[in-house]
Amino acid sequence: MKARIASLAVLATSLVVSMGLGAVADAKPNIAKPMFTVIPKDAPGHNVPLFPPSSSLQTWSGGFTDLTGKAIHFTMVGTDPNSTNTTTTVNVVVIPVIFEYGASNGNMTFDPRKDQLNGMSVLKFMEKSPIFASSVKFKSGSAKLGKSQYIDAFQRANFWSTVQSEPNYHVLLNVTKTLKPLKFSVLPGGGSVITNPWGSLPTGTYPINPFDLAVNTYLTANSADITPDTLPLFISDNVYLTQQTGGRGCCIGGYHSASGTQSYSYTTLVTESGDFSEDISALSHELAEWLDDPFTNNHVNCSDNSILEVGDPLETLSNFGTFTVSAGGFTYHPQDLAFIGYFGHPTPYPSANGWISFYNRKAT
């Protein structure tokens, strides 16, 4: 189950954020666990009508009565698979996130525009991956989902009882531009450089509250390029967010939220094999959750999950719930994702094979 961050500090006043608390560099946190999180859309600083209402994200609404008799209502990205056979394309605006650490942390900089993953920049590797490239013929059990992006294949499999006869039903992600980076100059105490808790790679840390406030400041300042019908995607590499300052409450690989009608997401890509958030694992987790809960308010009645977060139930499995996909000569590590049946939808489930996840890795 995800950690919940329910409150934020005052809005940051600059896109270059500096913190000034004490820190210890090049050490592993005392307690580290793999985490993703959600910041509620009505958190402080999130409820301002910053963006033009004439532009909106394509969504549809549905619901079911769960196994406890509770009415569940949800809003998802795309069009209703029960009544349409159309393709929705959401334009993605990528924002690189740069973290610069000072002398007490080895003068290290993490920059996804320059840091390498499999011989190319982290951003280029991400854009060539099956998250954005329709390069893999995906299958979920016996269901042949066609050559598509992974998030689209997941959603087709989620509602397979309907869309197996609708070859044109898709929800696709299209990277249209990369904007100027969001840059953090991290002073001692605001974050530190540690040894990755699951490997040996130097890894940055930074507290999530000031990070999210800077993100919202960035959204406000760039409303000409970022509108509610787009997905602004903030990307770092080899940096984990933390629940508190000084590296405590590590390690958060990503989150998604909304400010008014503007949804957005953040993910880190870790470049060392076997680590939490390895290559596209956290990215697949967060984008699928954005797809099925773009405004973080699809409430469900599960004992281990209060909103419809499709990545959470699988993240505690071996290898953080990931599996391997080969494409273009590279091996990627997306995460398995839970179908709607996991969240109390009565049988028969609408998903492929009647499963409750894409690779059926969680039996209950």
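(A) Layout of the state of the cysteines. Applying the stated criterion to the full structure yields one disulfide. Each sulfur of the disulfide joining Cys 250 and Cys 251 lies 2.0 Å from the other. Across the S-S bond of Cys 250 and Cys 251 the torsion is about 100°, and the bridge reads as right-handed. Judged by relative accessible area, which is 2%, Cys 250 ranks as buried. On the accessibility criterion, Cys 251 (0% relative accessible area) is buried.

(B) Quick look at the confidence of the model for the protein chain. Averaged over every residue, the pLDDT of the protein chain is 88; the share at 70 or more is 88%. The low-confidence segment residues 1-27, where pLDDT is below 50, has 94 contacts with residues more than four positions distant or belonging to other chains.

(C) Fine view of the pattern of salt bridges. Per the counting criterion, the structure on display carries three salt bridges. Between Arg 113 and Asp 111 there is a salt bridge; the shortest N-O distance is 2.8 Å. Owing to a relative accessible area of 5%, Asp 111 belongs among the buried residues under this scheme.

Calculation criteria
Residues numbered from 1 in each chain as written. Predicted model: local features only at pLDDT ≥ 70, side-chain atom pairs only at ≥ 80, totals over all residues. Heavy atoms only, no water. Disulfide = S-S within 2.5 Å. Buried < 20%, exposed > 50% of the residue type's maximum accessible area, 1.4 Å probe, protein only. pLDDT = per-residue confidence, 0-100. Contact = heavy atoms within 4.5 Å. Salt bridge = Lys/Arg side-chain N within 4 Å of Asp/Glu carboxyl O.

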